[in-house]
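Overview (structure and organization)
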Amino acid sequence: MLTFADTDFSQLNSTLEKLKPSKIFILVDENTHEYCLPTLLGNMETTVPYEILEIEPGEEMKTLNTAAQLWEVLAEFEADRNAVLINLGGGVITDLGGFIASTYKRGIRFINIPTTLLGMCDASIGGKTGIDHGFIKNIIGTFAEPELTLIFPDFLRTLPFEQLRSGFAEMLKHGLIADKQHWEHLITLPELKAEQLYPYIRRSCEIKLDVVKADFHEKNIRKTLNFGHTIGHAVESLFLETGKPILHGEAVALGMICETRLSLLQGLISEEDGEAIIRNICKFFPQISLENISHEQLLTLMKSDKKNSHGQTNFSLVTAPGTCSYNVSVKEDNICNALHYYQNLS
Ligand SMILES: NC(=O)c1ccc[n+]([C@@H]2O[C@H](COP(=O)([O-])OP(=O)(O)OC[C@H]3O[C@@H](n4cnc5c(N)ncnc54)[C@H](O)[C@@H]3O)[C@@H](O)[C@H]2O)c1
Ligand SMILES: O=C(O)C(=O)C[C@@H](O)[C@H](O)[C@H](O)COP(=O)(O)O
Ligand SMILES: [Zn+2]
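Note on numbering: residues in each chain are counted from 1, in written sequence order. Numbering of ligands from 1 and lettering of chains from A proceed in the order in which they are written. Note on the predicted model: pLDDT of at least 70 is required for a residue's local features to be given, and 80 or more for side-chain atom pairs to be given and counted; whole-chain, interface and lining totals, by contrast, use all residues.

Quick look at the overall build of the chain
Helical segments are the DSSP runs of H or I of at least four residues, strand segments are the runs of E of at least two, and each set is numbered from the N terminus. Across its full length, the chain carries 14 helices and 10 strands. Here the radius of gyration uses the C-alpha set of atoms, whereas the globule reference equals 2.2 Å times the residue count to the power 0.38. Here the C-alpha atoms of the chain give a radius of gyration of 20 Å, agreeing with the 20 Å that 2.2 N^0.38 yields for 346 residues. For the chain, the spread of C-alpha atoms along the principal axes amounts to about 60 × 40 × 35 Å. Once C-beta atoms are placed from the backbone, any two residues with those atoms within 7 Å are in contact. Looking at the chain alone, contacts between residues at least 24 apart form 77% of all its contacts between residues at least 6 apart.

As structure tokens, then:
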């Protein structure tokens, strides 16, 4: 269930009452501990004892090592199958927390309380959980649904601008794949500020929920939610590996530009639409230098993409703002062309 807590956390309290947990665990990172936990604790009404599990912030923590430490801590606290994990944080916390919850003792219940724009509009919804391994994004994970996703937009007040913009990339993606009007609203916003985005958060959540309801296990239409991610994830992985991580949404924005170029090369989109999409994404996202990045390595990383099958690299490609095709097989030459195109954009 997805709920907006515009003013209070009553839905959280009634869910906890219904779930009757034996114990509550709250997973935070250092920042959500400081900025968000006091609000949660001030509003959570329960007599059930709780423990705080804290990790350092950042994508570097979304690993098997962190998962193992968290499983160990749960075991040390004697968490039983009726324990409930509350994931309070961005996509790293909800992906990692969802993963440890869905695997500990073969699955305990969990609640997502996203605190970033990306978490609210995308990561906390739809049941994809996971960790990175060998710097490959989300290569190990589960499909597991939270008991509740509680969205409290006021958490965005303390979110740094770059993080807000990172979440905005996924919102643009939602417009591009499914709702032209949403895309047009977003690209004409006078500035990127949390309060300006509040009305559009709901629409992004609806788009994601509709797609996920139609195809939870990503056999078909859910692949459209991965637009921008085949190239985006490869670039994100390579930067992560070299110790200079970029934000997920920044990588997705880059990926959406390159993959729109692929649509143009494949003749799947009109020049007018393709160029307007690229121009508008560039308005918000400064170019990321790919100067020292090897295309070979990127192509190898793209082979790990979960949409691939039978040795073919498959893309989800936008065909006009608001519509998206999937299972589009693309030749390596065109992928290299798109990467060169991005490099020479400015
Ligand atoms: N499961 C999915 O469907 C899905 C969808 C999209 C992205 N993701 C994953 O989500 C991850 C990215 O998530 P993210 O962008 O939220 O990153 P994140 O979780 O790393 O959070 C970004 C930063 O903001 C800080 N922060 C969080 N809330 C804050 C607040 N309210 N005030 C101040 N600081 C705050 C965090 O500590 C962190 O430093 C990636 O790993 C990506 O692969 C998953
Ligand atoms: O929910 C989905 O499906 C998505 O593809 C949403 C993406 O924004 C998200 O980054 C997701 O984690 C990517 O999944 P993956 O299967 O490519 O790892
Ligand atoms: Zn994403």
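Picking up where we left off.
A few points about helix α9 (residues 194-214)
To estimate how far a helix should reach, multiply one less than its number of residues by 1.5 Å. With 21 residues, α9 should reach 30 Å at 1.5 Å per residue; the first-to-last C-alpha distance of 30 Å fits that figure. Take the seven residues that end at a residue and the seven that start at it, fit an axis to each, and the angle between those axes is the bend at that residue. Largest kink in α9: about 40°, centred on Tyr200. Buried within α9 we find Leu197, Ser204, Cys205, Ile207, Lys208, Val211 and Val212. As for α9, its buried residues are in contact with β1 (2-4), α6 (117-123), α7 (161-178) and α8 (180-187). For the exposure call, what matters is how many other C-beta atoms sit within 10 Å of a residue's own: 20 or more marks it buried, 12 or fewer exposed, and in between partly exposed, using C-beta atoms placed from the backbone.

A few points about the pairing of strand β5 (residues 109-114)
Where burial is concerned, most of β5 is hidden: five out of the six residues are buried. Two strands make a pair as long as DSSP finds a minimum of two bridges between them. Alignment of strand β4 (residues 84-89) against β5, held across six bridges, turns out to be parallel. From the neighbouring strand, Ile86 faces β5, where its bridge partner is Ile111. Viewed with both strands pointing away, a crossover whose connecting path from the first strand over the helix to the second turns clockwise is right-handed. Assessed by its sense of winding, the connection that carries the chain from β4 through helix α5 (residues 91-103) to β5 is right-handed. Relative to strand β8 (residues 148-151), β5 runs parallel, the two being bridged by two bridges. The residue bridging Ile111 from the neighbouring strand is Leu148, located in β8.

Side note on the site of ligand 2
The criterion for a residue being near a molecule or strand is a backbone-placed C-beta atom within 6 Å of that molecule or strand. Close contacts around ligand 2 come from Asp122, Gly126, Lys128, Lys137, Asn138, Glu170, Glu218, Arg222, Leu225, Asn226, His229 and Lys306, and that covers them all. We call Asp, Glu, Lys and Arg charged. Ala, Val, Leu, Ile, Met, Phe, Trp, Tyr, Cys and Pro are nonpolar, and the rest, Gly among them, are polar. Classifying every residue of the shell around ligand 2 by side-chain character gives one nonpolar, four polar and seven charged. An automatic or database domain assignment supplies the residue ranges for each domain. Among the domains, domain 1 (2-158) and domain 2 (165-343) are the pair contributing at least three residues each to the shell around ligand 2.

Notes on the confidence of the model for the chain
Per-chain confidence: the chain averages 96 in pLDDT, with 99% of residues scoring 70 or above. Our summary of model confidence lists the complex with pTM equal to 0.98 and ipTM equal to 0.99. In predicted models, pLDDT denotes the confidence assigned by the predictor to each residue on a 0 to 100 scale.

Describing the environment of Met256
Tracing the backbone through its elements, the reader meets Met256 in helix α11 (residues 248-265). Separated by 239 residues in sequence, Met256 and Glu17 place their C-alpha atoms 43 Å apart. Among residues more than four places away in sequence, those in contact with Met256 are Lys173, Phe227, Gly228 and Ile281.

Considerations on the site of ligand 1
Taken together, the neighbourhood of ligand 1 is formed by 32 residues, with Asn31, Pro57, Gly90, Gly91 and Thr116 sitting nearest. Those elements that provide at least two residues to the shell around ligand 1 are α2 (30-35), α5, α6, β7 (136-143) and α7. Each residue belonging to the shell around ligand 1 can be placed in one class, and the counts come to nine nonpolar, 15 polar and eight charged. Composition of the shell around ligand 1 by domain shows at least three residues from each of domain 1 (2-158) and domain 2 (165-343).

Quick notes on helix α12 (residues 271-284)
Given 3.6 residues per turn, any residue in an α-helix points the same way as the ones three and four places further on. Taking 1.5 Å per residue as the helical rise, α12 with its 14 residues ought to reach 20 Å, and the 21 Å between its terminal C-alpha atoms agrees with that figure. Buried within α12 are the following residues: Gly274, Ile277 and Ile281. The buried side chains of α12 occupy one side of the element, clustering within an arc of 65° when seen end-on. In α12, the exposed positions angled more than 90 degrees off the buried face are occupied by Glu271, Glu272, Arg279 and Lys283. Lining the buried residues of α12 we find α7, α11 and β9 (314-320). Within this analysis, the arc is defined by the directions that extend from the helix axis to the C-beta atoms.

Brief notes about the environment of Ile201
As for its placement among the helices and strands, Ile201 is situated in helix α9. The exposure class assigned to Ile201 is partly exposed, which follows from the 19 C-beta atoms found within 10 Å. Expressed as a C-alpha distance, the spacing of Ile201 and Leu118, which sit 83 residues apart in the sequence, is 9.7 Å. If sequence neighbours within four positions are ignored, Ile201 has contacts with Met120, Cys121 and Pro153.

A word on unusual backbone geometry
In this structure, Lys105 is a non-glycine residue whose phi angle is positive, near 50°. Relative to the helices and strands, Lys105 resides in the loop between α5 and β5.

Here's the deal with the nonpolar core
Throughout this description, the term nonpolar core refers to a group of buried Ala, Val, Leu, Ile, Met, Phe, Trp, Tyr and Cys residues whose C-beta atoms join them within 7 Å. With 92 residues, the main nonpolar core has Leu85 and Leu88 as its most contacted residues. Element by element, the count of residues in this core is highest for α11, at nine residues. Looking at which domains feed residues into this core, each of domain 1 (2-158) and domain 2 (165-343) supplies at least three. Residues within four places of Leu85 in sequence aside, it is in contact with Phe25, Leu27, Gly97, Ala101, Ile108 and Phe110.

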